[in-house]
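# Topology and contacts: notes
Here's the letter readout for the chains.
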Amino acid sequence: MSGPKKPGHRPGAQSIDRAVGLVNLVARQHDLGISLQALVQASGLDRTTAWRMLGSLQHTGLVERDADSGLYTLGAQATAWGAASLGQAALIRQCQLVMKTLARLSGDNVFLVLRVGDYSHCLHLEQGAHAVRAFQQTVGETRLLGLGVASIAMLAAQSEEAVLQHHARHREAYALEGVTLAQLLRWVQSARQRGFAYRNTAGIAAVGLHWPLGGVATAALSIGGSKTRVPLSRAPQLAALMRAQWPLLVR
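Here we summarise the structure given alongside this text. (Residues numbered from 1 in each chain as written. Predicted model: local features only at pLDDT ≥ 70, side-chain atom pairs only at ≥ 80, totals over all residues. Heavy atoms only, no water.)

### As for the overall build of the protein chain
In terms of helices and strands, the protein chain carries 11 helices and eight strands. Taken across its 251 residues, the protein chain has 43% of its residues classed as buried. Within the protein chain, counting contacts between residues at least 6 apart in sequence, those at least 24 apart form 53% of the total. With the model as given, the accessible surface of the protein chain reaches about 13700 Å², and the carbon-plus-sulfur share is 55%. (Helix = DSSP H or I, 4+ residues; strand = E, 2+ residues; numbered from the N terminus. Buried < 20%, exposed > 50% of the residue type's maximum accessible area, 1.4 Å probe, protein only. Contact = heavy atoms within 4.5 Å. Areas by Shrake-Rupley, 256 points an atom, 1.4 Å probe, with all protein chains shown as cover.)

### A word on unusual backbone geometry
Note: most residues except glycine have negative phi, and most peptide bonds are trans. Phi is positive for Ala202, close to 55°, though the residue is something other than glycine. Tracing the backbone shows Ala202 in the loop between β6 (197-201) and β7 (204-213). Under the relative-accessibility criterion, Ala202 is labelled exposed at 78%.

### Examining the packing of aromatic side chains
Applying the stated criterion to the full structure yields two aromatic pairs. Centre to centre, the rings of Phe111 and Phe135 are 5.2 Å apart; their planes meet at 65°, and the pair counts as edge-to-face. Of this pair, Phe111 sits in strand β3 (residues 109-116) while Phe135 sits in the loop between β4 (119-127) and β5 (142-144), and the two are 24 residues apart along the sequence. Across this residue pair, the class does not change: Phe111 and Phe135 are buried. A ring pair is formed by Trp211 and Trp246, whose centres lie 5.6 Å apart and whose planes are at 65°; its orientation type is edge-to-face. Placement of the pair is Trp211 in strand β7 and Trp246 in helix α11 (residues 246-249), with a sequence separation of 35 residues. In this pair, the class of Trp211 matches that of Trp246, namely buried. (Phe/Tyr/Trp six-rings, centres within 6.5 Å; stacked < 30°, edge-to-face > 60°.)

### Some remarks on the nonpolar core
Leu112, Val207, Trp211, Leu221 and Met242 are the most contacted members of the largest nonpolar core, which totals 28 residues. Where this core is concerned, the elements lending two or more residues are α5 (90-106), β3, β7, β8 (217-226), α10 (235-244) and α11. The element best represented in this core is α5, accounting for seven residues. Counting residues in each nonpolar core, the second largest holds 26 residues, with Phe111, Phe135, Val163 and Val179 among its members. (Core = buried A, V, L, I, M, F, W, Y, C linked by side-chain atoms within 4.5 Å.)

### A few points about the pattern of salt bridges
Evaluated as defined, the whole model comprises five salt bridges. Lys100 is the partner of Glu126 in a salt bridge, and the nearest nitrogen-oxygen pair spans 3.4 Å. Of this pair, Glu126 sits in strand β4 while Lys100 sits in helix α5, placing them 26 residues apart in sequence. Residue Lys100 is classed as partly exposed on the basis of its relative accessible area, which comes to 44%. In this structure, Asp118 and Arg169 form a salt bridge, with 2.9 Å as the shortest nitrogen-oxygen distance. You can see Asp118 sitting in the loop between β3 and β4 and its partner Arg169 sitting in helix α7 (residues 160-169), a full 51 residues away along the chain. Its relative accessible area of 38% is what places Arg169 among the partly exposed residues. Salt bridges here are not isolated pairs; linked through shared partners, they connect Asp108, Arg229 and Arg234. (Salt bridge = Lys/Arg side-chain N within 4 Å of Asp/Glu carboxyl O.)

The following block contains the structure:
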């Protein structure tokens, strides 16, 4: 006969917590992959338990293991869940009031962008008094990281090694866009030095800042408009405006 259950005891909860913890660890290293040894060390699980749980997670499609390197990354099911979540409004609801405030205070256009693996996805736009009609077309677009000011901000948050490997994976796509590795590295380095990303091209300019989302993802806000509305001299002011709203986003 089993003894009395401890207060707050939830049958099976410990196993679920451990499995979710492993998925989170894999998600944080999804770009480069993570080894079994690193997962054991980071999770505090013994090797046999971690191996067994990872096997179950592979079976469900939440993680996958590269046969050559042995490294774990997120699986197809996790990717599908992430893609499905883009259609819901939870993150937009969380950010919309801040975005409306920024659009009102700046008079310009505020974008919410989510990192999806090696890509960025524009989730939402709030337009200020100086609206740019063409910007509406960017909502719902998915672009390679580095091909937009918000995604430069997110790319700059990664290590130098991760940026180089990212470019290597998409060398041909960058070449089609006329972006060299040297250019990409300059944009990333500039964002790190300034504390924000800034780009202007074809008469349009924007400022971007990123923030961690839930410990395993990255999102970014950017404020954009015409080059005359958003010159580099005004960029620090717009970045400061976004930072002032950070406490409402990072909760």
